[in-house]
Each structure stands twice: as C-alpha cells, then as structure tokens.
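Next come the chains, spelled out residue by residue.
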Amino acid sequence: MAPDTAVSTSLSPTDLSPVAPYDALLLFSFGGPDGPDDVLPFLRNVTAGKNIPDERLAVVAEHYHHFGGASPINGQNLALQKALTDELARRGIDLPVVWGNRNWEPYTTDALSAAYSDGARRVVALVTSAYSSYSGCRQYRENLWASLDELGIDDGLGEGEHPLAVDKVRSYFNHPGFVQANVDAVTEAFESIGRDARLVFVTHSIPDTMEEASAVSGASYRAQHLDVAATVAAAVEQRLGRPVTWDLTYCSRSGPPSQPWLEPDVNDHLTALAADGAQAVVLSPIGFISDHMEVAFDLDTEALETAAGLGLVAVRADTVGTREPFVRGLVDLVLERAALARDADAHGAHPVTADVVADATARPVVEATVGELPPFRSVCRPGCCQMRAESPTGIPAACSTDPWS
C-alpha cells in the first residue's frame, strides 16, 4: 500500500497490515541535553514562557552537571527505539520508528518531517509518559499540533492545515505490559534486599491544581498511580508469598513554595518511616519509564543518600526501560490503536474513542487493562488534561475531539 493511500474499507481485514492505516511510529519524548553546553539552552526550552531567570535555572542545571551535563534519557530513548523496531520485526511488521522530543534534538518537527519525506501520511505517536495529566499528555499534544502547523507552513498549506495526520496510543499506566514489567522489577528488588522492607512507590509530583484538572480524564493523576501501585503490590505479594506494605510518594517538585504540590516528598516520607522504626525500603519509580534525570538524581542520589543518613537499608527497583513485557505491551498498544483507527475509518468515530467507559463490551476493539480503572481514551475529550481545571491554555492540542478546549 502506498504511504499516501487512504485505507480502503472494501479490503477485508486479512488484506490489511495489522498496523494499517499507519505508516510510521513516533516515539515521542521529553528530551535532554547531550553535554554541558546544552544544559542551559535545554532548560530554557523546558521553561519557555514562564519567565524563569537563568539564575534559577542554574540551580536545576547542577543536577545535570552532576552527571557530566548529559541526560541519560537520550541513550534510553535510542535503546527503546531499537527495542520497538526489533519487536515489530519479530512479529513480521514493517513500521519505521522515528524518535522526536519536545525540548531537545531530535525535535518533534524534525522527526515528523523526516517521516513525511519518507512517505508517511498517517503516524501513530507513543508518548514516553504512562500517565494522563497536563505534563504527561496535553503538553505533548500541544507540541504535536505546533509541529504539524510548522510542517503545514513549510508545505505551503493554510493555517491549521496539516500535511500528515497523527494519532496517539492511550495512556498506558494500566496496560498489562507496563504493570508486569514493574512487578518483575519490584520483585527482583525485594529478592536482592533479602529481608522484609517497606515498598515506597515514587512518581513526579505535580501542582494540586494540575491534579484537580487531570480528573477530567476519568481518574486523576494520583488515582491512576494508586491503582497501579495497588495492582503491582498485590502481584508482588503473591510472588513473595508474604504481605507487602506500600506507600505512594513524590519527587521533583518545583515552583514557588507557596504553590501546593502533591505530597509526601519521598525524602520526607523516608524520614517518617525511619522515625516509625522501619529498617529497610524498596524504592519503585513507578511514575517513570526509564532511568532519566529525575530517577538518577532525585532517587539514586538524593533519596538513597537520605536513606543512608537515616540508617535505612534501601534498594531502588528498576524502571521498565526495555524490559520484554513493557516493549511487547507497547507494540500491542500500537496494534490496538491501529484497530481502533480502522474501525473508525470503516464505521465512523465510535463514542468510546472519545470517552472513558467501564463497559468493555461497548468498545469496538478489546483494550487490555489490569487494575480497577477502565482503559483511557486515545482521542481526548474536551477540557482534558488542562493545567488548571476549566482554564484552557489557548494552545491547540492534537489527538482531541476539540483541539482548543
């Protein structure tokens, strides 16, 4: 099938590739500096429009300079790109995987431009954030719309006209592949510590206002994490054959102290656990998919130093990285999204692609989940994932029934 040919609904399902109508996969990530000279320009990109002076950015820059000025996220994205390519090839699927970032090279626009030059006309995006919130979903979709606008201008199109279409897979925090990879990692951490320990899940904190706004997704950012944490902990209990007590904590808060963010901070929580007599902890970075800067600095440096100072034995579980269940699950999600797209092309948009419903039988395609929450939608509803509830940014976002809301 030519890349610019629309999917024909007259073809039987056996005539179509399992990834039709897509002809490229965008691995869509945050980005990070490649060396010391990149750190400040990268942080300016991240904080664009927030009027944060370089003096304040220099404090955050020290986290990167602690590791030679290079973020580990870029190498990890390259490894995930290769793992996805290999898994697609293992299944006999020909789908190029391109990598683009919001905040550093390779930029999203450049990745999509390369895909377009190679003939892609409909792309499926896989965001390297498992959870739904402004930072984990909408901000990526805003960047995606801006990139498509830029490509449209370069192609001589009018305002809001885009030369290619981009869909995204749903937020995958409760997909079996992501959860299984975390279960495996946490179990291994418990086995390595060789003793009873408190399980402390860790994710990136967000402002309380963003947490409130994220509930439009069907379950708030915090509720999503609690669902995954409970599911992982229960599975680890079965593996170990003994009860596991767990907590959800946060790291990497920023902004003025007067602005409330989700708590408790992981370091404060470790202090409280030690005061209560805890002797060992397993830290599980369940909010992250790879060992990038928040994990390398906030957990492997600060939190482990806090634990050592408190006399706590501490082990940090792996992120899901390129573990087989996770990579396999991501490809399953791409196939799921392709099936939803084919169903919409053949029968019109289905209401469940734009809403969250608990009744799985109402969905046109089986969308695998574990835990108590239903699968999240792949086309976001109006008002989804705003920075503040009912306060649109005024920036359009792709992959939505209403880009402006």
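Residues numbered from 1 in each chain as written. Predicted model: local features only at pLDDT ≥ 70, side-chain atom pairs only at ≥ 80, totals over all residues. Heavy atoms only, no water.

What the protein chain contains, in helices and strands, is eleven helices and eight strands. Residue burial in the protein chain is summarised as follows: out of 405 residues, 52% are buried. Here the contacts in the protein chain between residues at least 6 apart in sequence split such that 78% fall between residues at least 24 apart. (Helix = DSSP H or I, 4+ residues; strand = E, 2+ residues; numbered from the N terminus. Buried < 20%, exposed > 50% of the residue type's maximum accessible area, 1.4 Å probe, protein only. Contact = heavy atoms within 4.5 Å.)

Here we come to the packing of aromatic side chains. How two aromatic rings sit relative to each other is set out by the distance from centre to centre and by the angle between their planes. Evaluated as defined, the whole model comprises twelve aromatic pairs. One aromatic cluster is present, built from ring pairs that chain together Tyr131, Tyr172, Phe173, Phe178, Tyr221, Phe326 and Phe376. Positioned above the aromatic ring of tyrosine 140, the side-chain terminus of arginine 102 is 4.6 Å from the ring centre. (Phe/Tyr/Trp six-rings, centres within 6.5 Å; stacked < 30°, edge-to-face > 60°. Lys NZ or Arg CZ within 6 Å of the ring centre and 35° of its normal.)

For the rest of this paragraph, the subject is helix 6 (residues 176-193). Count 3.6 residues to each turn of an α-helix, and residues three or four apart come out pointing the same way. An ideal rise of 1.5 Å per residue puts 26 Å on 18 residues; helix 6 measures up with 26 Å between its terminal C-alpha atoms. Within helix 6, 13 of the 18 residues are buried, leaving the element largely enclosed by the surrounding structure. (Expected span 1.5 Å × (residues − 1).)

The feature "binding site: Fe(2+)" (unreviewed entry), as given by UniProt, occupies His204 and Glu294 in the numbering adopted here. The annotated residues occupy 91 residues of the chain but converge on a single region, no pair of C-alpha atoms lying more than 7.9 Å apart. The residue histidine 204 is located in strand 5 (residues 198-204) in this model. For histidine 204, a relative accessible area of 24% corresponds to the partly exposed category. Discounting residues that sit within four places of it in the chain, histidine 204 has contacts with Tyr221, Tyr250, Cys251, Ser252, Phe288 and Glu294. (UniProt positions renumbered as here; feature names shortened; annotations may be inferred.)

What follows concerns the environment of alanine 61. With respect to the helices and strands, the residue alanine 61 is situated in helix 2 (residues 54-65). Alanine 61 sits in the buried class, given a relative accessible area of 5%. Put simply, alanine 61 and leucine 43 are 18 residues apart on the chain and 7.6 Å apart in space, counted from C-alpha to C-alpha. Among residues more than four places away in sequence, those in contact with alanine 61 are Val39 and Leu43.

The sites that carry the UniProt feature "binding site: Fe-coproporphyrin III" (unreviewed entry) are, in the present numbering, Ser71 and Tyr140. Among the secondary structure elements, serine 71 is positioned in the loop between helix 2 and helix 3 (73-90). Leave out the neighbours within four places in its chain, and serine 71 touches Gly32, Pro33, Tyr64 and Met293. The class for tyrosine 140 is buried, based on a relative accessible area of 5%. In contact with tyrosine 140, other than residues within four places in its own chain, are Phe28, Ser29, Phe30, Arg102, Val127, Thr128 and Ser135.

Take the packing of helix 4 (residues 108-117) against helix 5 (residues 134-154) next. Contact pair helix 4 / helix 5: the axes reach a minimum separation of 9 Å and the direction vectors enclose 50 degrees. The angle between helix 4 and helix 5 falls in the class oblique. The chirality of how helix 4 crosses helix 5 is right-handed. Mapping the contact onto sequence places Thr108, Thr109, Leu112 and Ser113 in helix 4 and Asn143, Leu144, Ser147, Leu148, Glu150 and Leu151 in helix 5. When its residues are assigned to classes, the contact of helix 4 with helix 5 shows four nonpolar, five polar and one charged. (Axes fitted to C-alpha atoms, helices over the stretch in contact; angles between N-to-C directions. Parallel < 35°, antiparallel > 145°, perpendicular 65-115°, else oblique. Left-handed = near helix turned anticlockwise from the far one by under 90°. Nonpolar A, V, L, I, M, F, W, Y, C, P; charged D, E, K, R; others polar.)

Leu25, Leu84, Tyr172, Phe178, Val232 and Phe326 are the most contacted members of the largest nonpolar core, which totals 60 residues. Sort the elements by how many residues they give to this core and helix 11 (residues 324-347) lands first, with nine residues. Other than its neighbours up to four places away in sequence, phenylalanine 178 contacts Ala130, Tyr131, Tyr172, Phe173, Val228, Ile286, Ile289, Val320 and Phe326. By size, the runner-up hydrophobic cluster in this structure holds 20 residues, among which are Ala24, Val127, Tyr140 and Leu144. (Core = buried A, V, L, I, M, F, W, Y, C linked by side-chain atoms within 4.5 Å.)

Before going further, it helps to examine the pattern of salt bridges. Using the criterion set out here, one finds 19 salt bridges in the structure. A salt bridge links aspartate 184 to arginine 239; the nearest nitrogen and oxygen atoms lie 2.5 Å apart. Remark: arginine 239 occurs in helix 8 (residues 221-240) and aspartate 184 occurs in helix 6; sequence separation between them is 55 residues. On the basis of relative accessible area, aspartate 184 is assigned to the buried category, the value being 16%. (Salt bridge = Lys/Arg side-chain N within 4 Å of Asp/Glu carboxyl O.)

A few words now on the sheet that holds strand 4 (residues 165-168). With respect to topology, four strands assemble into an open sheet ordered 2-1-3-4, the strand pairing being parallel. Each having just a single partner strand, strand 2 (97-101) and strand 4 make up the two edges of the open sheet. Sheet twist, expressed as the average angle between the axes of neighbouring strands with direction ignored, equals 30 degrees. Both strand 1 (residues 24-29) and strand 3 (residues 122-127) contribute to a ladder of five bridges, which runs parallel. Each bridged residue has a counterpart across the sheet, and for alanine 24 the counterpart in strand 3 is valine 123. (Pairing = 2+ DSSP bridges.)

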